[in-house]
Amino acid sequence: MNNKVKSILFVCLGNICRSPMAETIMAKVLDDADLSSTIHIDSAGIIDYHEGEKADIRMRQHAADHGYDILHRSRPVTEDDFYNFDLIVGMDRSNMEELERKRPADAKARLAMVAQYVTPPQPVPDPYYGGDAGFEFVITLLEEACQNILKMEVQ
Ligand code: 4NP
């Protein structure tokens, strides 16, 4: 059923915590599989409040503890994204509703939620107003999801 994809956009609300973390983990997974030059990845946010900002310092700190360096700067999802990416992966139900609302009728991008790549299926909770455990849980879920995205969508 699934066509293999050449480009993946990760989307969350602010594009300063979950989706830049997902992009960074996916980059590592692709690199380890020698696929970083053939698969294009990026991340974006539903809202533009944090446009141009680096990822949240707490997310970057937790990322560093796990050996990841988040370089992305926040940007909002654009209409072009729905034509330029094969797969757009949202973090939670609210992200998916917004993506479905923004998606042009003739867009090529397939929409998916991280939940379908983790067991048991569950959304990636927004860590922004929580504590350390929330940021750690984001990394745990996204590491599992990115391995499964590689197997199910890329290879
Ligand atoms: P993210 O987290 O969607 O994982 O980047 C959030 C970042 C900012 C806000 C909410 C969630 N905010 O309301 O500004």
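Procedures and definitions
- Residues numbered from 1 in each chain as written.
- Predicted model: local features only at pLDDT ≥ 70, side-chain atom pairs only at ≥ 80, totals over all residues.
- Heavy atoms only, no water.
- Helix = DSSP H or I, 4+ residues; strand = E, 2+ residues; numbered from the N terminus.
- Rg over C-alpha atoms; globule rule 2.2 N^0.38 Å.
- Buried < 20%, exposed > 50% of the residue type's maximum accessible area, 1.4 Å probe, protein only.
- Contact = heavy atoms within 4.5 Å.
- Areas by Shrake-Rupley, 256 points an atom, 1.4 Å probe, with all protein chains shown as cover.
- Lys, Arg positive; Asp, Glu negative; His and termini not counted.
- Charge placed at Lys NZ, Arg CZ, Asp CG, Glu CD.
- Phe/Tyr/Trp six-rings, centres within 6.5 Å; stacked < 30°, edge-to-face > 60°.
- Lys NZ or Arg CZ within 6 Å of the ring centre and 35° of its normal.
- Pairing = 2+ DSSP bridges.
- Right-handed = clockwise from strand over helix to strand, strands pointing away.
- Polar contact = N/O pair within 3.5 Å; in protein donor to acceptor, adjacent residues only side chain to side chain.

Q: How would you explain the overall build of the protein chain if you had to name every residue and give the values?
A: If you tally the helices and strands in the protein chain, you get 5 helices and 4 strands. Taken from the N to the C terminus, the helices and strands of the protein chain come in the order β-α-β-α-α-β-α-β-α. Taking 2.2 N^0.38 as the reference for a compact globule, 155 residues should give roughly 15 Å; the C-alpha atoms of the protein chain span a radius of gyration of 14 Å, in line with that estimate. Its C-alpha atoms put the protein chain at 40 × 35 × 30 Å along the principal axes. Counting across all 155 residues of the protein chain, residues that qualify as buried make up 52%. Sequence-distant contacts, at least 24 apart, represent 72% of the contacts inside the protein chain between residues at least 6 apart. Put simply, the protein chain shows about 7,700 Å² of open surface, and 49% of that area lies on carbon and sulfur atoms. Separation of charge centres in the protein chain, based on 16 positive and 26 negative side chains, amounts to 3 Å.

Q: An account of the packing of aromatic side chains is needed here, citing residue identities and associated values.
A: Per the stated rule, a full pass over the model turns up 1 aromatic pair. Pairing Tyr128 with Tyr129 gives two aromatic rings, centres 4.9 Å apart and planes at 85°, and the pair type is edge-to-face. When its relative accessible area of 27% is taken as the criterion, Tyr128 is described as partly exposed. The exposure class of Tyr129 is exposed, given its relative accessible area of 76%. Cation over ring: Arg58 sits above Tyr128, and NZ or CZ is 5.3 Å from the ring centre.

Q: Could you give me a rundown of unusual backbone geometry, with the residues and numbers involved?
A: Looking along the chain, the bond that leaves Thr119 and enters Pro120 is cis, with omega of -5°. The residue Pro120 is located in the loop between strand E4 (110-113) and helix H5 (132-154) in this model. Positive phi, normally seen in glycine, also occurs at Asn15, with a value near 55°. As for its placement among the helices and strands, Asn15 is situated in the loop between strand E1 (7-12) and helix H1 (18-32). Even without a glycine there, the phi angle at Asp34 is positive, about 60°. Structurally, Asp34 can be placed in the loop between H1 and strand E2 (40-45).

Q: Before we move on, could you go through the pairing of E4 and cite the residues and values that matter?
A: Examined bridge by bridge, strand E3 (residues 87-90) and E4 share 4 bridges and lie parallel to one another. Considered in E4, the bridge of Val89 is made with Ala112. Between the parallel pair E3 and E4, the chain is carried across by helix H4 (residues 93-102), and the sense of this crossover is right-handed.

Q: Describe the side chain of His72, naming the residues involved and giving the relevant values.
A: Following the sequence through the fold, His72 ends up in the loop between helix H2 (57-65) and helix H3 (81-84). Of the polar contacts made by the side chain of His72, one reaches the side chain of Glu23; its length is 3.1 Å. What His72 contacts, discounting residues up to four positions off in sequence, is Asn15, Pro20, Glu23, Asp42, Ser43, Glu53, Lys54 and Ala55.

Honestly, it's all geometry; don't read function into it.
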